[in-house]
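# Understanding the architecture of this molecule
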Amino acid sequence: MILRIDRLALELPPPSTPDPNGASAVQELMGGKFGEMSTLMNYTFQSFNFRGRQKLRPFYDLIANIAAEEYGHIEAVAATINSMLTGASDDDDKVPNDAGLSGLKDARIQQHAIAPGGLGALCADSQGRPWTGDNVFSSGDLIEDLTHNYFLETGARSGKLRVYEMCDHPAARALTGYLLVRGGVHQVAYARALELLTGADMTKLFPSPRIPTAKIPECQPHIEQGSHLKLYRFSPDDYREIVAVFTGPHPETGEPLEVVDHAPEGHLPQDLPPQEAVFAPDYATEEIAEIAQKLRKQAGLPDQVTAQVAEPQSTLGKVADKLTP
Ligand code: MN3
C-alpha cells in the first residue's frame with residue numbers, strides 16, 4: 001500500500017506567465033518513454049512481481065522504495081504543467097463566443113484545453129500520445145531489471161536536461177533542476193546494486209550522460225542540501241534493508257551515500273486558481289465552494305480549512321486578484 005503525504009517533493013514557484021507550449025515539452029517528462037510514469041510503473045511492477053523477496057530483501061526494498069519516490073515525481077511534473085497552463089485561458093471572457101480560449105489555438109497540445117482538457121496535465125507525452133504499459137519492463141530477472149533501470153534513469157536524465165534547455169519557464173527550470181539531482185541518485189542506486197551483485201561498475205562501463213549538475217543553478221539548492229547523496233525511506237516501518245545496497249561512496253564525488261530514515265518533509269503545494277473558461281473546477285466555482293463550506297460545517301470541521309497550501313504570492317498578478325472574493 002502507499003501512504004500519501006499532501007506535500008510536493010520540491011518547492012515550485014507560484015504560477016507566472018502561462019506557457020502552454022513549454023507545458024507540452026514538460027509532458028515528455030510525464031508520459032514519455034523515459035518519463036516519470038515509466039520510472040514509477042517500471043519499479044512498481046518489478047516490486048509487485050519480485051519473487052524470493054525475503055532472501056533478496058535489500059534489492060526488493062531498494063526497488064520498492066524508489067518506486068514510492070517516483071509517485072512524488074509524477075505529482076511534481078503534473079504540478080509544473082498545471083502551473084505553466086494557469087492563465088492560458090482568458091477568464092475575463094466567460095461567454096463562449098468571446099473566444100476566451102483563442103490564446104490556445106496554436107498550442108502544441110490542444111488536449112490541454114479541449115478534451116480531456118481543464119488546463120491540466122495529461123498522462124501523455126510531449127506529442128499528446130497517451131503513456132502506455134508497453135513502457136514497463138519487468139523481466140523477473142533481477143540483474144536484467146536493474147540493468148534496465150540504470151539505462152532508464154540514464155535516458156530520463158538526458159530528457160530532463162533537454163527539457164531544461166528547451167524551457168526557461170521558472171516552474172520547468174525548478175522541476176528539471178530537482179529531477180536531475182534525484183534521477184542521479186537513482187542512477188547511482190541501480191549502478192551500486194549491480195556492482196554489488198556482479199562486480200560490474202556501470203558508471204565506468206557505460207558513462208552515463210555527463211550532466212554537470214554542479215554548473216546548473218537550479219540543481220544547486222538540492223546539492224547544497226546533500227540531496228544527491230540521499231535515498232529516502234518512504235515508509236513508517238518497512239523497507240529498512242536498503243542500507244545494505246545503497247552504501248559506499250558516491251561514484252562522482254566520493255562522498256558517502258546515505259539512507260534517510262523517513263520521507264522528505266516536502267513543500268506546501270501551490271493552490272492553483274480556478275480556470276473558469278474550461279470549467280475547472282466549474283463554470284461558477286463559488287457555488288461548489290458554498291456547498292463544500294456547508295458540508296464542512298455539518299461535519300463539525302472548524303471554520304479554517306484543516307490543510308495548508310503555499311501562501312499566495314504577489315507575482316500571481318491577475319490570477320491572485322481572482323482568488324480574492
Ligand atoms: Mn524520477
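This structure is a prediction, so every number in the text was calculated from the model and none was measured.

## Some points on helix 2 (residues 36–48)
- Between the first and last C-alpha of helix 2 there are 18 Å, a value that for 13 residues agrees with the 18 Å anticipated at 1.5 Å per step.
- Counting buried positions along helix 2 gives eleven out of 13 residues, so the element sits mostly inside the fold.
- For helix 2, the elements touching its buried residues are helix 1 (20–31), helix 3 (57–85) and helix 4 (142–166).

## Details of the nonpolar core
- Core analysis: the biggest nonpolar cluster contains 73 residues, and Val-26, Leu-62, Val-77 and Ala-189 have the highest contact counts within it.
- Elements that contribute at least two residues to this core include exactly helix 1, helix 2, helix 3, helix 4, helix 5 (170–198) and strand 1 (230–232).
- The greatest single-element share of this core, amounting to 15 residues, is contributed by helix 3.
- When residues no more than four places from it in sequence are discounted, the contact partners of Leu-62 are Ala-189, Ala-193, Ile-242, Val-245 and Phe-246.

## Quick look at helix 3
- With 29 residues, helix 3 should reach 42 Å at 1.5 Å per residue; the first-to-last C-alpha distance of 43 Å fits that figure.
- A large share of helix 3 lies buried, amounting to 25 of its 29 residues.
- Positive phi appears at Gly-87, one or two residues downstream of helix 3, with a value of about 90°.

Reading the values: rules and limits
Residues numbered from 1 in each chain as written. Predicted model: local features only at pLDDT ≥ 70, side-chain atom pairs only at ≥ 80, totals over all residues. Helix = DSSP H or I, 4+ residues; strand = E, 2+ residues; numbered from the N terminus. Expected span 1.5 Å × (residues − 1). Buried ≥ 20, exposed ≤ 12 C-beta atoms within 10 Å, placed from the backbone. Contact = placed C-beta atoms within 7 Å. Core = buried A, V, L, I, M, F, W, Y, C linked by C-beta atoms within 7 Å.

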